Amino acid sequence: MTKATDIPFAQDSSTFFICWISMLMVFLSVLTLAFALITHTSVENWHKNISGSMTVQIPTFTADGKERGDLVQTDIDAALGILLSTDGVIDAQILSESQMDSLMAPWMGENASTAELPLPKLIDVKINTDQLPDLEQIKADFAEQVPLAVLDSHRLSLAELVTLAQNLTRLTGLILLLMLTSMAFSVIFVTKSGLKVHRQVIALIHMMGAGDFYITRQFANRSGGLALSGGLIGFVLSLPVMTFIAYYLGNLTGGFIIQATLSARQWLLLFTVPLIATLLAYLTAAYTVFSELKRSL
Amino acid sequence: MFEKNKLSSPIAEFNGVSFRYGNGGDVLKDIQLTLQPGSFHFMTGESGAGKTSLLGLLYMNHLPTRGRVRLFGKAVDTLSRAEKSQIRRQIGVVFQDYRLLNHLNAFDNVALPLRIAGVKETEIKRHVSELLTWVGLEKQIRAFPPELSGGEKQRIAIARAVINRPQLLLADEPTGNVDDAMAKRLLYLFLELNKLGTTIVIATHNQNLIKHFKFPQLHLSHGHLEYIATPATRSGNTTEDN
Ligand SMILES: Nc1ncnc2c1ncn2[C@@H]1O[C@H](COP(=O)(O)OP(=O)(O)O)[C@@H](O)[C@H]1O
Ligand SMILES: [Mg+2]
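For clarity, every value in this text was computed on a predicted model and none was experimentally measured. (Residues numbered from 1 in each chain as written. Chains lettered and ligands numbered in written order. Predicted model: local features only at pLDDT ≥ 70, side-chain atom pairs only at ≥ 80, totals over all residues. Heavy atoms only, no water.)

### Things to note about the coordination of the magnesium ion (ligand 2)
Residue and element names in this part refer to chain B.
Here is step 1: Protein-derived ligands of the magnesium ion (ligand 2) are T52 (OG1) and Q96 (OE1), with the metal-ligand distances lying across 2.0 to 2.4 Å. Separated by 44 residues along the polypeptide, T52 in helix α2 (residues 51-58) and Q96 in the loop between β6 (91-94) and α4 (106-116) bring together distant segments of the chain.
Here is step 2: Using a relative accessible area of 37% as the deciding quantity, one classes T52 as partly exposed. (Donors = N, O, S within 2.8 Å, 3.2 Å for Na, K, Ca; no water. Helix = DSSP H or I, 4+ residues; strand = E, 2+ residues; numbered from the N terminus. Buried < 20%, exposed > 50% of the residue type's maximum accessible area, 1.4 Å probe, protein only.)

### A look at the sheet that holds strand β10 (residues 224-228) of chain B
Residue and element names in this part refer to chain B.
Here is step 1: If you trace the 6 strands from one edge of the open sheet to the other, you get β6-β7-β8-β3-β9-β10, paired in mixed fashion. Each having just a single partner strand, β6 and β10 make up the two edges of the open sheet. Direction aside, the axes of adjacent strands within the sheet are offset by 15° on average. (Pairing = 2+ DSSP bridges. Axes fitted to C-alpha atoms, helices over the stretch in contact; angles between N-to-C directions.)

### Quick look at the side chain of A:H206
Here is step 1: Following the sequence through the fold, A:H206 ends up in helix α6 (residues 199-207).
Here is step 2: Dropping the residues within four chain positions of it, A:H206 is found in contact with A:D212, A:I215, A:L293, B:R81 and B:R88. (Contact = heavy atoms within 4.5 Å.)

### Considering the environment of A:L279
Here is step 1: Mapped onto the elements of the fold, A:L279 is located in helix α8 (residues 264-295).
Here is step 2: Separated by 259 residues in sequence, A:L279 and A:W20 place their C-alpha atoms 16 Å apart.

### Things to note about the pairing of strand β7 (residues 168-172) of chain B
For a regular strand, side chains alternate in direction, first toward one face of the sheet and then toward the other.
Residues and elements named next belong to chain B.
Here is step 1: In terms of residue burial, β7 counts as a mostly covered element, since 5 of its 5 residues are buried.
Here is step 2: Side-chain alternation along β7 places L168, L170 and D172 on one buried face and L169 and A171 on a second face that is also buried.
Here is step 3: Relative to β7, β6 runs parallel, the two sharing 4 bridges. In the strand pairing of β7, G92 is matched with L169.
Here is step 4: Both β7 and strand β8 (residues 199-203) contribute to a ladder of 5 bridges, which runs parallel.

As structure tokens, then:
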């Protein structure tokens, strides 16, 4: 048998509401946070794949096999002009013949020359991965001034995905904040009604010389205890759901885009969720009781 | 527990105190009262004379409508919340309607003032068991108030009021539900406490007790307080046999 409290909380079912709300909030928060962490990990992996460069190809032959001659240099100059005047582009340089040779060495052999081949000229573009250039604008400018230039930017699309993921992570932060707030309001509501229900007992133990702290502690312990048990249940319930989602995501993408595993540190972070819920319930109840008592006689 | 300088000043002092509930008429009128440390008084008066109301002023259940109440040398209307709690811990009250907590057993009810005062559990266990045995409730120690008779509840209420050895003990008709032998036994408990320095006020109708113990009476009639030094001389005039 648990030790009886001075205030007969056990007879008052509204306090169990804190247990339920804590269970629900922790369950949802753990899933949200796990989702954010998985996204974060995946984003870090994607980030490694963004080399910070892209290439632009300027064809040296027309589609029907004729040499373009001087037009090639005109296109190169125009393309460089567009690239270098774009924000987020650090540098843009035409690859020299020797650079082209070494690039093609795996296919052509060490001493082969690319000069005789109908290869396009390549422009190597260094970009700022923290502040990506506006690709749509570059494409539009190319279409107008260098219609034959080809922008190879699939690595940058990944970068755009990274930005999206980062915004999503920020959104989960907002959701978590919202959940904590609604939990705090529930605790305030339950605690205030508890003060009303138990006012006679409170008056009595006040009469016996119990200070505000003594009474506050009883409510806070009760609220924190219920939030802890509800939070632990919510945490445990979230585990199979997380496992299922991870399995599903892993199957869906072959583990390539989404890395659905968590590190030990991330697990620890997830486990702080029920503890934060407990602390929140404890402090909110304490604050509510304390300020209400001060207002009474 | 007892500080010398506090013993020398009155435990309670009423100066021109009147009291009324809400917008009703004055229940207590222009009361002058001084309780010296270590004194023992009966409080008498017909039902409705204002005994419970006067005791309520003594434990700060309510504040006077007019006049000034000082407890332990301090004006009650100037006390901070913390000071009030501190003074209340030195006052034991036996309520007329007991006010036991029904969800706590006899032991935990009696232990309450000690827990509030932060006494260690091992000490609480010893003191509470001892006292419950003294009032003849050693078998009911785990019983809950709804399972107990009126007299048993009354004794628990008394044990709770005295467990902390308060400096001031206020008892509102504490022997109304026990036979004369138990009433006397309980009065001896109060007497023991009084010998240790506790100031005591007992509101009672019980003429046998008043005659037997011969303590001075604070007699209330129609809201006025009258001090009766030798109860034996006035026993024929009082009409509280109900
Ligand atoms: N809470 C209350 N509200 C209004 N009137 C009350 C209240 N308590 C007592 N009274 C009235 O005050 C008067 C004194 O009551 P009380 O102090 O209880 O007398 P006693 O204890 O001597 O029987 C009575 O007329 C009673 O009706
Ligand atoms: Mg009364």
